[in-house]
Amino acid sequence: DVKVTQSSRYLVKRTGEKVFLECVQDMDHENMFWYRQDPGLGLRLIYFSYDVKMKEKGDIPEGYSVSREKKERFSLILESASTNQTSMYLCASSTQTGGSSYEQYFGPGTRLTVT
Amino acid sequence: GDSVTQMEGPVTLSEEAFLTINCTYTATGYPSLFWYVQYPGEGLQLLLKATKADDKGSNKGFEATYRKETTSFHLEKGSVQVSDSAVYFCALSDLTGNQFYFGTGTSLTVIP
């Protein structure tokens, strides 16, 4: 079974802190994604990565950055946390293998509260 | 561009009732289609999928058929249980897998 793990289920940080959210997948997937989920807004893509050291902006990248130094690990960084970044953050991965249906596999989520 | 539209909730049903959650899509070519389920406080889990026209995905009593003529992928279950209470997301992947589109989610509550 594909397993995607996230470093924390719950996190409380103060405004202005630098926050790291870590995601690790064990299926050798090329693609990794970070979403945030807010009530009434569904899932919104923050950043994604097709390969090591490669990143692409999603729909709402402002206030975030990412790092992918190893294939299995994709980190989301909040450079200076703000209260409007309080949200559920979801990591996902998928393969690029030809013939795949490209489904995404999700981690359990990190609920971040910024006070 | 590609997109997914699913019926808005919330949906409240009695146990053993029939469930339908509508999903329609807009896409070029032949995307793969998915239903995901999210239980409270958890991430999304793949419920079922279909990769070509007329395919039927099924899992845990849920079914959905890929209808190209109506660009639809409606989720159905003949008899819901309290444990099916969750948020359900329809999604599609483009032909490359690099673009993934989610519907806004439909909240289902099943009451005993």
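Note that the structure is predicted; figures quoted are calculated from it, not measured. (Residues numbered from 1 in each chain as written. Chains lettered and ligands numbered in written order. Predicted model: local features only at pLDDT ≥ 70, side-chain atom pairs only at ≥ 80, totals over all residues. Heavy atoms only, no water.)

Caption draft 1: Fine view of the overall build of chain A. Secondary structure summary: chain A contains zero helices and 11 strands in total. The secondary structure elements of chain A, listed N-terminal to C-terminal, are β-β-β-β-β-β-β-β-β-β-β. Relative to the compact-globule value of 13 Å for 115 residues, chain A shows a C-alpha radius of gyration of 14 Å, a close match. Expressed along its principal axes, the backbone C-alpha trace of chain A runs to roughly 45 × 30 × 25 Å. In chain A, buried positions account for 50% of the 115 residues. Restricting the contact set of chain A to residue pairs at least 6 apart, pairs at least 24 apart contribute 56%. Of the roughly 5500 Å² of accessible surface on chain A, a fraction of 48% belongs to carbon and sulfur atoms. Taking the average place of the 15 positive charges on the side chains of chain A and the average place of its 15 negative ones, the gap between the two points comes to 7 Å. (Helix = DSSP H or I, 4+ residues; strand = E, 2+ residues; numbered from the N terminus. Rg over C-alpha atoms; globule rule 2.2 N^0.38 Å. Buried < 20%, exposed > 50% of the residue type's maximum accessible area, 1.4 Å probe, protein only. Contact = heavy atoms within 4.5 Å. Areas by Shrake-Rupley, 256 points an atom, 1.4 Å probe, with all protein chains shown as cover. Lys, Arg positive; Asp, Glu negative; His and termini not counted. Charge placed at Lys NZ, Arg CZ, Asp CG, Glu CD.)

Caption draft 2: Seen up close, the state of the cysteines. Residue and element names in this part refer to chain A. A complete count under the given rule lists two disulfides over all chains for this structure. Shown here is the disulfide that connects Cys23 with Cys91, its sulfur atoms set 1.9 Å apart. Between Cys23 and Cys91 the sulfur-sulfur dihedral comes to about -80°; the bridge is accordingly left-handed. Of this pair, Cys23 sits in strand 3 (residues 19-25) while Cys91 sits in strand 9 (residues 87-94), placing them 68 residues apart in sequence. (Disulfide = S-S within 2.5 Å.)

Caption draft 3: Quick look at the side chain of Asp94 of chain B. Tracing the backbone through its elements, the reader meets Asp94 of chain B in the loop between strand 10 (86-93) and strand 11 (100-102). At 14 Å, Lys68 of chain B is the nearest oppositely charged side chain to Asp94 of chain B, a buried residue that forms no salt bridge. If we skip the residues at most four places from it in the chain, Asp94 of chain B touches Tyr102 of chain A together with Asp2 and Gln99 of chain B. (Salt bridge = Lys/Arg side-chain N within 4 Å of Asp/Glu carboxyl O.)

Caption draft 4: Representation of the sheet that holds strand 7 (residues 64-70) of chain A in the model. Residue and element names in this part refer to chain A. One open sheet holds the four strands; their spatial order is 1-3-8-7, and the pairing between them is antiparallel. Bordering the open sheet on either side are strand 1 (4-6) and strand 7, each of which pairs with just one other strand. The mean inter-strand angle of the sheet, taken between neighbouring strand axes irrespective of direction, is 20°. (Pairing = 2+ DSSP bridges. Axes fitted to C-alpha atoms, helices over the stretch in contact; angles between N-to-C directions.)

Caption draft 5: Geometry of the packing of aromatic side chains. Counting across every chain of the model gives 15 aromatic pairs over all chains. Plain terms: the ring middles of Phe106 of chain A and Phe102 of chain B are 5.9 Å apart, the flat faces sit at 70° to each other, and that makes the pair edge-to-face. Within this pair, whereas Phe106 of chain A is found in strand 10 (residues 105-106), its partner Phe102 of chain B is found in strand 11, the two belonging to separate chains. Exposure remark for Phe106 of chain A: the relative accessible area of 11% places this residue in the buried category. Looking at Phe102 of chain B, the relative accessible area reads 15%, which means it is buried. Judged by centre distance (6.3 Å) and plane angle (75°), the ring pair of Tyr36 of chain B and Phe100 of chain B falls under edge-to-face. Residue Tyr36 of chain B is located in strand 5 (residues 32-38), and its partner Phe100 of chain B is located in strand 11; the two are separated by 64 residues in the primary sequence. Given a relative accessible area of 0%, Tyr36 of chain B falls into the buried group. Among the aromatic residues, those joined into a cluster by ring pairs are Phe33, Tyr35, Phe48, Tyr50 and Phe106 of chain A together with Phe34, Tyr36, Phe100 and Phe102 of chain B. (Phe/Tyr/Trp six-rings, centres within 6.5 Å; stacked < 30°, edge-to-face > 60°.)

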